[in-house]
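Okay, here's what each chain looks like letter by letter:
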Amino acid sequence: MKNNYKLLVFRRSLSGFFNNLYSQYIYLYIVMLGINVAYLGLFRSIASLLSSFISSSLGFISDIFGRKKAYIIGLLLEILSIVFFAFAFNWTFCLLGLALSITSFFGLKSVENILIAESTSRESRAFGFGLISSLSITASIFSPLIAAYIINMCGGISTQGIRPLFYIGLIGLVFTTVVIILFLSETYSSGESIKYTVLDAFRMVKEKKWLQKWILVETLGGYVFDLSMPFTTIYMVEIKHADEFIIGYTGTALNIASILFSPIIGKLGDKYGRVKTLAFFRIFFYISVMIFLFAPSPQYLILYGFFRGIFFASSPVFQTITMELVSRNFRGRWEGIKSLIKLIARSPASFIGGYLYYYFSPETPFITAVLVDMFIRLPLIFSMPETLYKSVK
């Protein structure tokens, strides 16, 4: 188990470094290849809907055939998504890459969280999630700035300036995947039939109200982050007139804050409870959006990045709650059924965000995201049972 945890730190650190080179530019890159913001939102919603079936299946696969097998499938899908981005010469190729990227993101996140949970004890689990997050972000702290210099050397913010980031990322992700294939140990497989596992997952959710409530929390997350996130860098460039260096420093500020606060917030979650800690740190999300929208000059976006990083540092506590809502043997099917329901339900969010951005005002998706989180999602989080001391029965 300890060896797996070290390997996950290694994988997250290197993949975090390479992913952070290009992640801020994906949606700007697609727009620069010829699609408008409204259609970008529409096609991202379609990609999210299509990906829901594949990404959710990784959770079921991890229960039936083993965590490692499911993890490797997710890693291979991630590599394939970068291939489409790297060699895309029009926006249609990018949409294939986007669908695979969303699939691998949610699928890998689910299986990786299971592996981390099975490599840590309950008493230190939130800290374990926070530590791995902090260490992986440390490795990628300067990725946004390195990306800025690469873009600058390749002609500035343009498709040709951004494209080399995908080439570099592809090489790095292939390397980390090979290491995982060779050295990661299998932790669990039930050997149960696919039909039984899927039906058991539906039964489990039907019988346990708190699981239904948590699925609603994660579904509403789509109407917070999927509604606004694809348009963040576009807004920075088009409205706030940020260049590649402002974007780079903003990403670096976010990483620094996440590094500093992830272990601290994890410790708070282990001491005072997951729910209270998670709810308290949402204030930094609201502050970051206000700074983002009212920034009088591009330089203020760096401050936005720092506050957003503090908020992101609370995500390990969120992941800890998710894992502790069910017992170890049910985590794969829980992730599978949860991903299936939430990804289908939240798939319209990006289309709505793109429509609001293009036809109302660029600020509308970000304001809507705060309102949904503050008045609907936060009360739901407060109503969840505490998982610090025991599993929810």
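Owing to the predicted nature of the structure, the values given are computational and were not obtained by experimental measurement. (Residues numbered from 1 in each chain as written. Predicted model: local features only at pLDDT ≥ 70, side-chain atom pairs only at ≥ 80, totals over all residues. Heavy atoms only, no water.)

Re the confidence of the model for the protein
Here is step 1 of the chain: Mean pLDDT over the protein: 91, with 98% of residues reaching 70 or higher.
Here is step 2 of the chain: Within the protein, the element-level pLDDT minimum falls on helix α6 (residues 125-139), averaging 83, and the maximum on helix α14 (residues 283-294), averaging 98. (pLDDT = per-residue confidence, 0-100. Helix = DSSP H or I, 4+ residues; strand = E, 2+ residues; numbered from the N terminus.)

Describing unusual backbone geometry
Here is step 1 of the chain: Even without glycine at this site, H241 takes up a positive phi of about 60°.
Here is step 2 of the chain: Note that H241 resides in the loop between α11 (232-238) and α12 (244-272).

Re the pattern of salt bridges
Here is step 1 of the chain: Using the criterion set out here, one finds 20 salt bridges in the structure.
Here is step 2 of the chain: R67 is the partner of E118 in a salt bridge, and the nearest nitrogen-oxygen pair spans 2.6 Å. Taken together, the positions of E118 in the loop between α5 (91-117) and α6 and R67 in helix α4 (residues 67-86) put the pair 51 residues apart, joining distant regions of the chain. Each member of the pair E118 and R67 is classed as buried.
Here is step 3 of the chain: For D200, the salt bridge goes to R203, with nearest N and O atoms at 2.6 Å. In this pair, D200 and R203 are both assigned in helix α9 (residues 194-207), three residues apart and thus about one turn of the helix distant.
Here is step 4 of the chain: The exposure class assigned to R203 is partly exposed, which follows from its relative accessible area of 34%.
Here is step 5 of the chain: Put simply, D63, R67, E118, D200, R203, E207, R328 and R333 are held in one network by salt bridges that share partners. (Salt bridge = Lys/Arg side-chain N within 4 Å of Asp/Glu carboxyl O. Buried < 20%, exposed > 50% of the residue type's maximum accessible area, 1.4 Å probe, protein only.)

Topic: helix α15 (residues 300-312)
Here is step 1 of the chain: The end-to-end C-alpha distance of α15 is 19 Å, a good match for the 18 Å that 13 residues give at a rise of 1.5 Å each.
Here is step 2 of the chain: Against α10 (209-226), α11, α12, α14 and α16 (315-324) lie the buried residues of α15. (Expected span 1.5 Å × (residues − 1). Contact = heavy atoms within 4.5 Å.)

A short note on the packing of aromatic side chains
To describe a pair of aromatic rings, one takes the distance between the centres and the angle between the planes.
Here is step 1 of the chain: Applying the stated rule across the entire model yields 29 aromatic pairs.
Here is step 2 of the chain: For the pair F225 and F285, a centre-to-centre distance of 5.5 Å together with 50° between the ring planes defines the contact as tilted. Here F285 lies in helix α14 and F225 lies in helix α10, a separation of 60 residues in the sequence.
Here is step 3 of the chain: Accessibility expressed as a relative area gives 22% for F225, which makes it partly exposed.
Here is step 4 of the chain: Judged by relative accessible area, which is 2%, F285 ranks as buried.
Here is step 5 of the chain: Here Y355 and F360 contribute two aromatic rings whose centre-to-centre distance is 6.1 Å and whose plane-to-plane angle is 55°, an arrangement assigned as tilted.
Here is step 6 of the chain: Residue classification places Y355 among the partly exposed residues on the basis of a relative accessible area of 39%.
Here is step 7 of the chain: Using a relative accessible area of 58% as the deciding quantity, one classes F360 as exposed.
Here is step 8 of the chain: For the cation-ring pair, R163 lies above F89, with the distance from its terminal atom to the ring centre recorded as 4.5 Å.
Here is step 9 of the chain: Here the basic side chain of K267 rests over the ring of F127, its NZ or CZ set 4.5 Å away from the ring centre. (Phe/Tyr/Trp six-rings, centres within 6.5 Å; stacked < 30°, edge-to-face > 60°. Lys NZ or Arg CZ within 6 Å of the ring centre and 35° of its normal.)

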